Amino acid sequence: MTPVLTCEDLTVTYPDGTTPVNNISFAVEPGTCFALVGGSGAGKTTIAKALMGLHGHGTRTSGKLFLGTKNMSDASAETWRSVRGRDLGFVAQSPWSACDPLRPVRDHVAEAWRCHGLTTSWQEIGTRLTNLGVTDATMRMVQHPHTWSGGMLQRAGIAAAGALTPPLIIADEPTSALDADRAQSVLDSLRALGCAILLISHDIGLVLKNTDKVGVLHRGRIVEQGPPGTLKSAAFHPESKRLLAALSPLPKRNNAERQTPLLRLENVSVHYDRGQVQALDNADLEIRSGEIVGVQGPSGCGKSTLLRIAMGIERPSGGTLWRSEELDRSGATMPIFQDPVASLVPHWPVWRSVAEPLSAPHRQRLKTADLKAKALSAMAMVGLRDVDPDARPSELSVGQCQRVSVARAAITRPPLIVADEPTSALDSPSTWMVSNLLQSAAEAGSAILIVSHDSTLLERLADRIVYMNAGRTLLRVP
Amino acid sequence: MGHGSEPVIRQVKRLGRGGFPVAAFSRIVQAAVTAFAATVIVWALLPLAPGDVATRVLLARGVDDPSPAEIASTHEELGLNNPLHIQFLDWITLVLQGDLGQSFTSQLPVTKEILERLPATIMLLGLALVFSMVLSLLFALIAAGYRDRWPDRLIRLYTQIGAALPTFVFALLALSFVVVGFQMGRVLSDATWTAALIPAFIIGLDRAASWTQLLRSGLLSAMSSGYADVARARGASERRILLRHALPNAFLPFLTAIGISVGALIGGAPLIEAIFTWPGLGAYLLEALSARNYPVIQAYVLIAALSYVSAALLVDLIAILLDPRLRRHTS
Amino acid sequence: MNMLDMTRPRLDMPATDRRLFTRLWRHRSGRVGLLIGLALIAFAIIGAIWTPHAADVPNYANALKPPGLSNPFGTDSTGRDLLSRTMDGAHRSIGAAVLVLCIVFVIGLAVGCLAGLAGGATDAVLMRLSDIAMTLPGLVLAFAVLGLLGPGFVNLLIALIVADWAWYARLSRSVALTASKKPHVIAAQMAGIPRWRIISGHILPGVALKVGIVASLALGGMIGAISGFSFLGLGVQPPSAEWGALLAESRLYFSLAPWLLLAPAGLIFLSVLSSNLVGNALRDVATTGGDE
C-alpha cells in the first residue's frame, strides 16, 4: 500500500539561512502510528508546520513530500488549503489555546466542515463527541472552552481533526498539557479514529508504549528510526541513548537510617471561604529525614495545599501539625517550583540567586567573593560548570534554570526540600537530569517532598508515594 | 483505560446560573459607586475654592462692595453655615432636581446655559467618535490583512505620525493649511451637522491613529495564536481567520481602550472647541475658568465624570455580553 | 554520558549586552528616537542659556518676517525671532513634561509599593484615595484643579500631577503585588532573607523598570498636554515662550505669516515622536528579558 505520507530529504531553511530541519526522510503507513521524538530544540514543531505547508513567509522547504499519491513538494497555497483538514488532520498541544475562547465548543468542531464550505448538524457533532468518550456531549458542547476539562476538550479537538476522515492526523505533543493517566486515554481516543497518526512528542515513554515506528530527532535530523522494540533494546545513536536514559532507573541510594521524623500531619484539614471549599480533608503525612516522599493526584485534589502546609506558609484549619525543632529554624525548608525561569530573580546574575540563601542574616557573614565561589561550586555540582555565572536567567534554557533552582535549594543543605511539579516544564532528558540532582540532594541528607503528576518520575525517585484524591491522602509504599 | 471519572466541566460555578444578569448587576453597582464618588469631588470644588463664596455670589449679583452684614446674610441664605455633610445633601438634592446653581457671571441658571451648549459638544464628539472607530477598524483590518506589504507599511507610517501629533496640533495644522488653505469650509462654526463634519473628521483621523495601532497589534497577535494556527490546519482561509476569529477576539480590548479614550475626548473638548471655535461646553468652560465661575466649572466636571462613567459601564456590559469568561470575575 | 541539556540561549545576545542602553541603541527605531531626543535636549539646554536673539524683546520694525538667514523660522507679530522663542520655550515644553512624569513616577511608585506590600488598612486607605482621584478622566481633573488654583505654569504642573499620580500608584501596586508572589520571592522568604532586602533586591528594581517603561511611553502625551494647556492660555503666561503658547500666538497671524505655525508644531511633533520611539523600543528590549 502507498504510505499516507512520504517525506524525502525534507529541509527547512529560515529567512536567516539557518536550517532547523535537515534532509529528513520517513514514511507513515496507513493506519499506523509513527512517532518523531526528540528533546526541546530538536525541530519537532518546525517539521509539523512544514508538513502542513504552514511554515511562515520567507521560510523555504526543499525535498519531496507526498500525501498519499499527491505530490505536495511545490504545492500552491490554495492546494495546501484544500488539503488541510481533508487529507491531513491536526491535533494541537494545548486544548484551550487551540479553541477560539469566544465560541462554544461545538463551533470549534463544526469549523472543520465550515472551513471547506461544508455543513453538518449539531446532532452529528454530538454523536462524534460521544463516540470519543465525552459524557453529556450534546449538553456540554454549547458551553465555552474555558469551562471544559483538558482531557475532554482535547477529545473535541480530536473530533475536529478527524471530522472529514483524513487518512493522516498530525498530533503535536497532544497530551503534554494533560495528567499522565488522562494522556493515555486521550491517545487511545486518537487511535480509535482509525487513521494513520504522526505523533510528535518529547516523551519517550509514551512514544514507546503507543507507536508502531519511531524516529529519533536531534538537531533537525532523524538520527535513528525503527520499531519501538528495536529502539528500546538496540539504540545506537547517543541522542537515542540520552532520551532512553530518562526511562532507566536511578542509581540506588544507600538506605541509611531514616527514622528521625521531620514533619508529621495528622487528620489535617484546610477550608477556604468560611468552610465552603474543603481543600484538605483529614490528610496524613509523615516525612523523615533523608527521605524522598512523592505526592500524586489529579489536579484540584489538594496537592498544593498540602505542599504549602509543609512549607509552613499556610496553617491547617484543623488536625495536628508537628514540626521538628530542626525544621523551625529559618531557612530550614527550601522550595523548588514549577516555573524555572520565574524562580530566579530576572535582573540578577544567576550566581547571585544561587548564593542568596547563604547570605541570610542568621548565617555566618561571607564576603561577596566567597559567596560567588560557593555559588560557582554549587553550580558545578548540578552540571552547570560551563554556564556563565553572570548570565541572566533569560539567557539560560528552561532546563538549566531548573538546575540553578536545585543548586539554590541545596546550597545550604537544608533538612527539607519541597518541590512543586519541578519537571512539568522540562523535556525528558532535563527531567531525568533534575531527578538525579534531587536524589543526590537526598543523599546529602535533605528530605524531599515532591509533588508531581508524572508517575514514572515518582516511581523511580520516591521512597514512598502518597496518592491524594478530593483532599484525602491514601498512602502506599512502593 | 477508562475515562469515566474525569469531569467534563472543570469549573466550580460559584455564581450559580446567574451569568450575565449577575455580572451586569455588579458592574452597574460599581459604576453607581464611582459616579457617587465623582459627585462628592465635584461638590468639594466649591468649599475648596479660594476666597469666600458668599462674596463671589454677591459680586456676581452686582453688589460691588458688599458689607459684612450682607455677606453674613448671604452665608445664611446659601446654607454656608451648615455642617459640610448638610451642605452636600442640600447640594445633591438640588442637582438631582436638575439645579446646578447660578452662574457667577451671567446670573442665569447653569443648567439652562449648559443645555444650550451640550448638543453642540455631543454632536462634535459623537461624530468624531464614530469617524475614529470606523477609520481605525478599516485601517487595522487592511493592515492586518496585508501584513508587511505596502498597505500595511503605509498605514503604519500614518499611525506613527498620527500618534506623534497631539490632537490639537493636528487639528490646528489641518484646519489652517488644508481647510482654510483650500477653502473647504468655514472656520467660524455654528453647531450644525454639516459644520461638524470636517472638524469631526479631523479629530477622528488623529484619534484613529493610536486606535489603529492597538487594534492592528491585537489582530496580529490573534492571528498568530493557537486557535488561529488550528483553524489554518483545518484549512480555513486567512480572511476567514481574520474576520471570524481574530476580529472578535481583538475587538474587546479595543472597545475597552475606546471606553477609556472617551474620557480623554471629553477632557480634550475645550482644546478642540477652541481650535474650531465651536460653541460647545468646552468653550463655555474656558470662559468660566478665566472668570473663576465655579458653578459652571462644577457642572462641566460633573457632566464629564458622568459621561465617562457611563461610557466605561457601556463598554463593560458589551464586554461581558460578548465574552463569557468575564462573567466569572465579579467581586 | 553528556550531562548537559540543550545549551540553547533564548536570547541572541552576547553576555556584554546586558545594559539596557546598549540594547536600546541596537534597536533600530530606538536609536532614531534617542538621536532625535538627544538633539532636542541639546536644543533645550542651549536655549535655556543662550539664544541667537533676545527671546522676549519686541522689535516692531522686524515684525512677521518670513524665514531668512538671520531669522531661520521667521519673526512673530512683535518682531521677535521665532528660533530664539522656540529655543527659549524648549525647556518649558520638554523639561516640564519630564519633570511631571518623574514626580508622578516617584509618588506612584512609593504609594503603590507601600500599599501593595504593606497591605491591610494602609492598602485600603491609599487605594480608596486613588479610586477617588481616578473617578474623573485625567484631563477633566486637571481642568478642575486649574479652576481652583487659577491659570499659571506651576499650577498647570500641579494639576497634571494631581491628575496622574493615582494611575501610577495603581499600576505600581499591581506590579508590586504580582512581583511579591513570584517564586523567587517565596524562595528568598523561605531562605530567611529579611523583608527589606527582598523588597529592595527582588521587587523594587523590577517594578521600577516596568512602571518606568509605562512612564516613558506616556512622555509624548504629557508633552502634548502641557502644550495644549498652554495653547489655551492656562499654562505658561506671556511673555514667556512655550511651544503650545507659540502656536496660539502664531495662529492669530496665520493669513499673514502661515510659516509661524510650522516650527512650534514641528518641534512638538519631533519630541512626541522621539519619546514614542524610545518608549516602544524600551518596552521591546526590556520585555525580551524574560520576566513576565
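Colleague: Where do I start with the overall build of chain A in this structure?
Modeller: Looking only at helices and strands, chain A features 18 helices and 19 strands. The buried share of chain A, taken over its 478 residues, is 58%. Long-range contacts, defined here as pairs at least 24 residues apart, represent 70% of the contacts in chain A between residues at least 6 apart. Total accessible area on chain A is roughly 19100 Å²; 49% of this is exposed by carbon and sulfur atoms.

Colleague: Explanation requested: the nonpolar core in the structure shown.
Modeller: Note on soluble globular proteins: their nonpolar side chains tend to be buried together. Ranked by internal contacts, the top residues of the largest apolar core, which has 188 residues, are Ile-450 of chain A, Phe-276 and Val-301 of chain B together with Leu-160, Trp-243 and Leu-247 of chain C. Ranked by residue count, the leading element in this core is helix α3 (residues 82–118) of chain C, at 15 residues. With sequence-adjacent residues up to four places away left out, Val-301 of chain B is seen in contact with Val-42 and Leu-45 of chain B together with Leu-136, Val-140 and Ala-144 of chain C. Grouped together as the second largest cluster of nonpolar side chains are 46 residues, Ile-158, Ile-169, Ile-197 and Leu-231 of chain A included.

Colleague: Mind showing me how you'd approach the interface of chain A and chain B here?
Modeller: Counting residues at the interface gives 47 residues for chain A, matched by 31 residues for chain B. With both sides pooled, the region where chain A packs onto chain B buries about 3400 Å², and carbon together with sulfur makes up 56% of that total. Put simply, chain A and chain B have 2 salt bridges between them. Residue Asp-229 of chain B pairs with Lys-49 of chain A through a salt bridge whose shortest N-O separation is 3.6 Å. Considering each element in turn, the side of chain A that touches chain B owes the most residues, 7 residues, to helix α7 (residues 150–161) of chain A.

Colleague: Please clarify how the pattern of salt bridges should be interpreted in this entry.
Modeller: Under the criterion given, the structure shown has 39 salt bridges over all chains. Residue Asp-136 of chain A pairs with Arg-140 of chain A through a salt bridge whose shortest N-O separation is 3.9 Å. Since its relative accessible area comes to 44%, Asp-136 of chain A is described here as partly exposed. Asp-152 of chain B is the partner of Arg-156 of chain B in a salt bridge, and the nearest nitrogen-oxygen pair spans 3.0 Å. Pair noted here: Arg-156 of chain B and Asp-152 of chain B are both in helix α6 (residues 150–164), with a separation of 4 residues, about one helical turn. One network of salt bridges, in which partners are shared, links Arg-264, Glu-286, Arg-288, Glu-291 and Arg-464 of chain A.

Colleague: I'm lost on the packing of helix α5 (residues 110–145) of chain B against helix α8 (residues 193–223) of chain B in this one. Help?
Modeller: How two helices sit against one another is set out by the angle between their axes and by the gap between those axes. Residue and element names in this part refer to chain B. Remark: α5 packs on α8, axes separated minimally by 5 Å, with the N-to-C direction vectors making an angle of 40°. The chirality of how α5 crosses α8 is right-handed. Taken together, the residues of the contact of α5 with α8 sort by class into 27 nonpolar, 4 polar and 2 charged.

Colleague: What exactly am I supposed to notice about the interface of chain C and chain B here?
Modeller: Interface size, as often reported, equals the accessible area lost upon joining of the parts. Between chain C and chain B, the residue contacts involve 33 residues of the former and 42 residues of the latter. Roughly 3100 Å² of surface becomes buried between chain C and chain B when both sides are summed, with 81% attributable to carbon and sulfur atoms. Connecting chain C to chain B are 0 salt bridges. Seen at the junction of chain C and chain B, the total is 4 residue pairs in polar contact (both at pLDDT 80 or more). At the level of secondary structure, the elements contributing two or more residues to the side of chain C that touches chain B comprise α4 (120–134), α5 (138–149), α8 (195–231), α9 (243–252) and α10 (262–287) of chain C.

Colleague: Teacher, can you tell me more about the pairing of strand β10 (residues 221–226) of chain A here?
Modeller: When a strand is regular, its side chains alternate between the sheet's two faces. Residue and element names in this part refer to chain A. Bridge count for strand β9 (residues 213–218) against β10 is 5 bridges, and the pairing is antiparallel. Following the sheet pairing, His-218 is matched in β10 by Arg-221. A loop of 2 residues connects β9 with β10, the two strands running antiparallel in sequence, and Arg-219 in this loop sits at a positive phi of about 45°.

Colleague: Looking at this structure, how should I read the sheet that holds strand β1 (residues 5–13) of chain A?
Modeller: The strands making up a sheet are joined through hydrogen bonds of the backbone, oriented either antiparallel or parallel. All names here are of chain A. Taken in spatial order, the 4 strands of this open sheet run β2-β1-β4-β5, and their pairing is antiparallel. Since the sheet does not close on itself, it has two edges, and those belong to β2 (21–28) and β5 (70–71), each with one partner. The pairing of strand β4 (residues 60–67) with β5 spans 2 bridges and is antiparallel. Its bridge partner being in β5, Leu-67 is matched across the sheet by Lys-70. Each of β1, β2 and β4 is contacted by helix α1 (residues 44–51), which is oriented at about 115° to β1, the strand it contacts most.

Colleague: Looking at this model, I keep getting lost on helix α5 (residues 122–131) of chain A. Mind explaining?
Modeller: Residues and elements named next belong to chain A. For α5, every residue scored as buried is listed here: Ile-125, Gly-126 and Leu-129. Projected down its long axis, α5 carries its buried residues within an arc of 100°, all on one side. Summarising the geometry of α5, the exposed residues directed more than 90 degrees from the buried face are Gln-123 and Asn-131. The secondary structure elements touched by the buried residues of α5 are α4 (105–114), α6 (137–140) and α7. At the exit of α5 stands Gly-133, carrying a positive phi of roughly 100°.

Colleague: What should I look at first to understand the packing of aromatic side chains in this one?
Modeller: Any two aromatic rings considered together are summarised by their centre-to-centre distance and by the angle between their planes. Within this structure, the stated rule accounts for 15 aromatic pairs over all chains. Ring plane angle 50° and centroid distance 5.6 Å describe the contact between Phe-251 of chain B and Phe-254 of chain B, whose orientation is recorded as tilted. Within this pair, Phe-251 of chain B and its partner Phe-254 of chain B are both found in helix α10 (residues 238–267), separated by 3 residues, close to a single helical turn. Exposure remark for Phe-251 of chain B: the relative accessible area of 22% places this residue in the partly exposed category. Residue class for Phe-254 of chain B comes out buried when judged on its relative accessible area of 2%. Connected via pairs of aromatic rings, a cluster forms that spans Phe-36, Trp-43, Phe-88 and Trp-91 of chain B. The ring centre of Trp-122 of chain A lies 3.9 Å from the NZ or CZ of Arg-106 of chain A, which sits over that ring. Taking NZ or CZ as reference, Arg-264 of chain A lies 5.2 Å from the ring centre of Trp-322 of chain A, over its face.

Colleague: Teacher, can you tell me more about α1 of chain A here?
Modeller: Residues lying three or four places apart along an α-helix face the same way, a consequence of the helix completing one turn every 3.6 residues. Residue and element names in this part refer to chain A. The buried fraction of α1 amounts to 6 of the 8 residues, a majority that puts the element mostly inside the structure. For α1, the complete set of buried residues consists of Lys-44, Thr-46, Ile-47, Ala-48, Ala-50 and Leu-51. A positive backbone phi angle near 70° is found at Gly-53, which sits one or two residues after α1.

Colleague: So what exactly am I meant to see when it comes to the pairing of strand β13 (residues 292–296) of chain A here?
Modeller: All names here are of chain A. With 5 of 5 residues buried, β13 is to be regarded as a mostly interior element. Along β13, one buried face is formed by Ile-292, Gly-294 and Gln-296 and the opposite face, lined by Val-293 and Val-295, is buried too. Sheet topology note: the β13/strand β17 (residues 447–451) ladder contains 4 bridges and is parallel. From the neighbouring strand, Gly-294 faces β17, where its bridge partner is Ile-450. Relative to strand β18 (residues 464–469), β13 runs parallel, the two being bridged by 4 bridges. Note on β18: the bridge partner recorded for Val-293 is Arg-464.

Calculation criteria
- Residues numbered from 1 in each chain as written.
- Chains lettered and ligands numbered in written order.
- Predicted model: local features only at pLDDT ≥ 70, side-chain atom pairs only at ≥ 80, totals over all residues.
- Heavy atoms only, no water.
- Helix = DSSP H or I, 4+ residues; strand = E, 2+ residues; numbered from the N terminus.
- Buried < 20%, exposed > 50% of the residue type's maximum accessible area, 1.4 Å probe, protein only.
- Contact = heavy atoms within 4.5 Å.
- Areas by Shrake-Rupley, 256 points an atom, 1.4 Å probe, with all protein chains shown as cover.
- Core = buried A, V, L, I, M, F, W, Y, C linked by side-chain atoms within 4.5 Å.
- Buried area = accessible area lost by both parts, 1.4 Å probe.
- Salt bridge = Lys/Arg side-chain N within 4 Å of Asp/Glu carboxyl O.
- Axes fitted to C-alpha atoms, helices over the stretch in contact; angles between N-to-C directions.
- Left-handed = near helix turned anticlockwise from the far one by under 90°.
- Nonpolar A, V, L, I, M, F, W, Y, C, P; charged D, E, K, R; others polar.
- Polar contact = N/O pair within 3.5 Å; in protein donor to acceptor, adjacent residues only side chain to side chain.
- Pairing = 2+ DSSP bridges.
- Arc of directions from axis to C-beta.
- Phe/Tyr/Trp six-rings, centres within 6.5 Å; stacked < 30°, edge-to-face > 60°.
- Lys NZ or Arg CZ within 6 Å of the ring centre and 35° of its normal.

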